[in-house]
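# Notes for the structure review
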Amino acid sequence: APAFARFGAMRAKDGDAGERMLIEGTVFREDGRTPAPDTLIYFYHTDTEGLYGRKGQHRHGRYRGWVLTDKDGKYGFYTIKPEPYPSRRTAAHVHMTVTGLSRKEDWADTLFFEGDPYLGSSDRGGERGGFENVIKLTKDEEGILRGTRNLRLWPV
């Protein structure tokens, strides 16, 4: 089975427009070294036209889902690469939240993609997620864009 299947979240379907994308990573506790199992990650992003929900859809759109980290803090989700908003002033991105056994749902820094022409210096870094939030995507032998986004939980 593909690597993403073991993580449970798969939003892209055969026939969807857009480039296939797999984001994987590890969630660590506040120390940045100890894995954080059973952490719930919610993600959502725009479609190939830079839009979220359309009339009759959830406001976060179709490309959204939840994934629970495994015993080693690992997670992954398979989707399509989002597009920038139609205004073309904001880089393409994925919104993410984390929830844990002793943590209420809270935003992680937005995930951006290296090389996006709309990426600004204010999009980099931040306080929520601990590691780089701008990731490099590489295309694998099956034509799937792959990237790694590790997260470090912050104090609550």
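Residues numbered from 1 in each chain as written. Predicted model: local features only at pLDDT ≥ 70, side-chain atom pairs only at ≥ 80, totals over all residues. Heavy atoms only, no water.

### Topic: the side chain of aspartate 109
Structurally, aspartate 109 is set in strand S7 (residues 103–113). Buried and unpaired, aspartate 109 has arginine 149 as its nearest opposite-charge partner, separated by 4.9 Å. Beyond its immediate sequence surroundings of up to four residues, aspartate 109 is in contact with Gly125, Gly126, Glu127, Arg128, Gly129, Asn133 and Arg149. (Helix = DSSP H or I, 4+ residues; strand = E, 2+ residues; numbered from the N terminus. Buried < 20%, exposed > 50% of the residue type's maximum accessible area, 1.4 Å probe, protein only. Lys, Arg positive; Asp, Glu negative; His and termini not counted. Salt bridge = Lys/Arg side-chain N within 4 Å of Asp/Glu carboxyl O. Contact = heavy atoms within 4.5 Å.)

### Considering the sheet that holds S7
As a general point, the strands of a sheet are linked pairwise by backbone hydrogen bonds and lie either parallel or antiparallel. On the basis of which strands lie adjacent, the open sheet formed by five strands has the order S4-S3-S6-S7-S8 and mixed pairing. For this open sheet the edge positions go to strand S4 (64–68) and strand S8 (134–135), each flanked by a neighbour on one side alone. Sheet topology note: the strand S3 (residues 40–45)/S4 ladder contains five bridges and is antiparallel. Note on S4: the bridge partner recorded for leucine 40 is leucine 68. (Pairing = 2+ DSSP bridges.)

### Things to note about a nonpolar patch on the surface
On the surface, a cluster of nonpolar side chains totalling about 290 Å² of accessible area is made up of Leu40, Trp66 and Leu68. Mapped onto the elements of the fold, tryptophan 66 is located in strand S4. (Patch = residues over 30% accessible without salt bridge, like charges linked within 9 Å, V, L, I, M, F, W, Y side chains within 5 Å. Areas by Shrake-Rupley, 256 points an atom, 1.4 Å probe, with all protein chains shown as cover.)

### Examining the nonpolar core
In terms of nonpolar packing, the biggest core is built from 22 residues, with Ile23, Ile41, Tyr75, Val94, Met96 and Phe113 touching the most fellow members. At the level of elements, strand S2 (20–28), S3, strand S5 (74–80), strand S6 (93–100) and S7 are the ones that each hand at least two residues to this core. (Core = buried A, V, L, I, M, F, W, Y, C linked by side-chain atoms within 4.5 Å.)

### Quick word on the pairing of S3
Most of S3 is tucked away: five of the six residues are buried. When S3 meets S6, the two strands line up antiparallel, connected through six bridges. Within S6, the position partnered with histidine 45 by the bridge is valine 94.

### Observations concerning the packing of aromatic side chains
All told, the structure shown has eight aromatic pairs when counted by the stated rule. With a centroid separation of 5.8 Å and an interplanar angle of 65°, the aromatic rings of phenylalanine 28 and phenylalanine 131 are classed as edge-to-face. One end of the pair, phenylalanine 28, is in strand S2; the other, phenylalanine 131, is in the loop between S7 and S8, and 103 residues separate them in sequence. Taking the relative accessible area as the measure of exposure, phenylalanine 28 reaches 16% and is therefore buried. Seen from the ring of tryptophan 154, arginine 103 lies directly overhead, with NZ or CZ sitting 5.1 Å from the centre. (Phe/Tyr/Trp six-rings, centres within 6.5 Å; stacked < 30°, edge-to-face > 60°. Lys NZ or Arg CZ within 6 Å of the ring centre and 35° of its normal.)

### Comments concerning the environment of lysine 74
Within the secondary structure layout, lysine 74 lies in strand S5. Looking at lysine 74, the relative accessible area reads 35%, which means it is partly exposed. When the C-alpha positions of lysine 74 and aspartate 38 are compared, they lie 9.4 Å apart, and in sequence the two are 36 residues distant. Here the side chain of lysine 74 touches threonine 26 through a polar contact of 3.3 Å, side chain to side chain. (Polar contact = N/O pair within 3.5 Å; in protein donor to acceptor, adjacent residues only side chain to side chain.)

### What to know about the confidence of the model for the protein chain
Chain-level pLDDT for the protein chain is 87 on average; 90% of the residues reach the 70-or-more range. No element of the protein chain has a lower mean pLDDT than strand S1 (residues 9–10), which averages 48, and none a higher one than strand S9 (residues 138–139), which averages 98. Note on residues 1–10: pLDDT under 50 across the span, and 19 contacts to partners over four residues away in sequence or across chains. (pLDDT = per-residue confidence, 0-100.)

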